[in-house]
Amino acid sequence: MVTDEEYLMKKLPYIDLSQLKFKERDFLEGIFKFWRNREVIGVFEVSNYWDLRQRKLLGVRYDSRTNVYDWDYQMRLAQRDADIINTHEYKYWRNNGIAFEIREGDYDVPNKTLASGLILTHDGEKHARRGYWGDIIVSPYIALGIECEEKSFFKKSNKVFTKTASHVAEYNVMSMFHEISRKTKYKLLDGMEKPPEKPYVPDIIELDESDDQSDADSFRIEYVDIPEPKPIFEQEYEPLPLDGVKITFLPVGSLLDICKKSKYKKLFQVVYFSNSMVHLLQPDINPMFDDKATVIIESARYMIELKLEQVTMFVDKVQGIARTAGCTSVEDIDPEKTNFVKMLFERKESST
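Residues numbered from 1 in each chain as written. Predicted model: local features only at pLDDT ≥ 70, side-chain atom pairs only at ≥ 80, totals over all residues. Heavy atoms only, no water.

Caption draft 1: Geometry of the overall build of the chain. Broken down by element type, the chain carries 9 helices and 12 strands. For the chain, the proportion of its 352 residues judged to be buried stands at 30%. Counting only contacts in the chain whose residues sit at least 6 apart along the sequence, the fraction spanning at least 24 positions is 62%. Surface summary for the chain: the accessible area is close to 24600 Å², and the carbon and sulfur share equals 53%. (Helix = DSSP H or I, 4+ residues; strand = E, 2+ residues; numbered from the N terminus. Buried < 20%, exposed > 50% of the residue type's maximum accessible area, 1.4 Å probe, protein only. Contact = heavy atoms within 4.5 Å. Areas by Shrake-Rupley, 256 points an atom, 1.4 Å probe, with all protein chains shown as cover.)

Caption draft 2: View of the nonpolar core. Residues L77, A82, I85, Y90, I142, I146 and Y302 are the most contacted members of the largest nonpolar core, which totals 32 residues. Going through the elements one at a time, α3 (46-58), α4 (65-77), α5 (87-96), α6 (141-144) and α7 (165-182) are the ones with two or more residues in this core. Looking at which element gives the most residues to this core, the answer is α7, with 4 residues. Not counting chain neighbours up to four residues away, the residues in contact with Y90 comprise Y69, D72, Y73, L77, I85, I137, V138, S139, Y141 and I304. By size, the runner-up hydrophobic cluster in this structure holds 25 residues, among which are C259, A293, L306 and V315. (Core = buried A, V, L, I, M, F, W, Y, C linked by side-chain atoms within 4.5 Å.)

Caption draft 3: Examining the pattern of salt bridges more closely. Under the criterion given, the structure shown has 10 salt bridges. Note that D81 is salt-bridged to K337, the shortest N-O span being 3.5 Å. With D81 in the loop between α4 and α5 and K337 in the loop between β11 (327-329) and β12 (340-346), this pair connects stretches of sequence that are 256 residues apart. When its relative accessible area of 45% is taken as the criterion, K337 is described as partly exposed. (Salt bridge = Lys/Arg side-chain N within 4 Å of Asp/Glu carboxyl O.)

Caption draft 4: Representation of the packing of α3 against α5. Following both chains from N to C, one finds α3 and α5 inclined at 100°, their axes separated by 8 Å at the closest point. Judged on the interaxial angle alone, α5 and α3 are roughly perpendicular. Within the contact between the two elements, α3 uses W50, Q54 and L57 and α5 uses W93, R94, N95 and N96. (Axes fitted to C-alpha atoms, helices over the stretch in contact; angles between N-to-C directions. Parallel < 35°, antiparallel > 145°, perpendicular 65-115°, else oblique.)

Caption draft 5: Representation of a nonpolar patch on the surface within the structure. Together, L118, L120 and W133 make up a nonpolar patch on the protein surface, roughly 240 Å² of accessible area in all. Inspection of the secondary structure assignment puts L120 in strand β2 (residues 116-122). On the basis of relative accessible area, L120 is assigned to the partly exposed category, the value being 34%. (Patch = residues over 30% accessible without salt bridge, like charges linked within 9 Å, V, L, I, M, F, W, Y side chains within 5 Å.)

Caption draft 6: The sheet that holds β11, seen in detail. On the basis of which strands lie adjacent, the open sheet formed by 4 strands has the order β9-β10-β12-β11 and mixed pairing. If you trace the sheet from one side to the other, it starts and ends with β9 (268-273) and β11, each paired once. Pairs of neighbouring strands in the sheet enclose a mean axial angle of 30°, with direction left out of account. Here strand β10 (residues 289-298) pairs with β12 via 7 bridges, running antiparallel. (Pairing = 2+ DSSP bridges.)

Caption draft 7: The arrangement of the packing of aromatic side chains in detail. The final tally for this structure, using the stated rule, is 12 aromatic pairs. Ring pairing ties together the aromatic residues W50, Y73, Y90, W93 and Y132, which thus form one cluster. R130 extends its terminal NZ or CZ atom over the ring of F34, reaching a point 4.0 Å from the ring centre. For K156, the ring lying beneath its charged end belongs to F161, and the centroid distance is 4.7 Å. (Phe/Tyr/Trp six-rings, centres within 6.5 Å; stacked < 30°, edge-to-face > 60°. Lys NZ or Arg CZ within 6 Å of the ring centre and 35° of its normal.)

Caption draft 8: Region of the structure containing the packing of α4 against α5. Interhelical geometry of α4 versus α5 gives an angle of 130° and a closest axis separation of 10 Å. On the basis of the axis angle, α4 is oblique to α5. At the point where α4 passes α5, the crossing takes the right-handed sense. Here α4 contributes R65, T66, V68, Y69, D70, D72, Y73, Q74 and L77 to the contact with α5, which in turn contributes T87, Y90, K91, R94 and N95. A per-class count over the contact of α4 with α5 returns 5 nonpolar, 4 polar and 5 charged. (Left-handed = near helix turned anticlockwise from the far one by under 90°. Nonpolar A, V, L, I, M, F, W, Y, C, P; charged D, E, K, R; others polar.)

Caption draft 9: Focus on the side chain of S254. Structurally, S254 is set in the loop between β8 (247-248) and α8 (255-258). For S254, a relative accessible area of 8% corresponds to the buried category. A polar side-chain atom of S254 sits 2.8 Å from the main-chain carbonyl oxygen of P251. (Polar contact = N/O pair within 3.5 Å; in protein donor to acceptor, adjacent residues only side chain to side chain.)

Caption draft 10: Just unusual backbone geometry, in detail. We note that F100 has phi near 60°; this positive angle belongs to a residue other than glycine. Counting through the fold element by element, F100 comes out in the loop between α5 and β2. Judged by relative accessible area, F100 falls into the partly exposed class, the value being 29%. Positive phi, close to 105°, is recorded for S139, a residue that is not glycine. Among the secondary structure elements, S139 is positioned in the loop between β3 (125-131) and α6.

Caption draft 11: Summary view of the environment of L58. Along the chain, the position of L58 falls in helix α3. The exposure class of L58 is buried, given its relative accessible area of 5%. Ignoring anything within four residues of it in the chain, the contact list for L58 reads R65, V68 and Y69.

Caption draft 12: Local environment of the pairing of β12. Here β12 shows a clear split, with V341, M343 and F345 buried on one side and none of F340, K342, L344 and E346 buried on the other. Inspection of the sheet shows β11 paired to β12 by 3 bridges, in the antiparallel sense. The residue bridging C327 from the neighbouring strand is F345, located in β12.

Here it is as structure tokens:
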């Protein structure tokens, strides 16, 4: 009998699980089995989880939640240069948890990769619960949907964007895959528009007197094939080149341990910290940094539950943490306008 771990190693040979302990491998295999379970009903009732999270967050404001969503959008997101996110798509996501509807269809199958476990305490007893514990305020549009190199996506008509964050995100994802696969810069083809949803268009054909038809039936509608829409890419894509690529799964909370291992010494030229993990940027992890390394820290600009003065305070705090870890600023930034704080780590000659 083939385990999920063995199946993964066979299908994805560039995955390295050797650093995980047996208990962690068991947890990982349990996750894979959960993902591969074809049952839908009762396995991950994400719609119910979403609604319960909303009720707990909003409390007595739940019945007027649409107004809350509008306030968060107009007074927070839009004021922080994220107004390419359409107000309707944002409020729909806040209410239903569904984003990026790039095709017509019923989005009624839960995305089980968003499920995670949590230990909750009730009446003094601890209980393991599976649910959705991710973002229900900011939206996934922030990651890839508010900036891109193709400036035509930000054109306005009557002071309204003609595109949405979904269009921007779709372009960014396709662009990244193109550049990884082809190693050439992605360019949007001239005149390329989103293909029509239906494969047929009506062609109205008028009938002349020779056709034996009454006046009431003086025309008929025929459906004719239209040419296939011009492909977004000029040629078919090959599988992504993965030679020399290895993805290593590390134990949870392992950062302070792996920095002591010789195999990781001076290994990383670029290090990224999310705003929730910046507390791990300590002098003890410096041995993993290259002699000259770039340290990038996510700001709290789009944590819209924070006021702008709190966003500024956060940037000041993370810069102080980074300096304590041996990093220096490389550019002047506006705390209220920056998405990332970029720092430079440079090892002193006397350091080991």
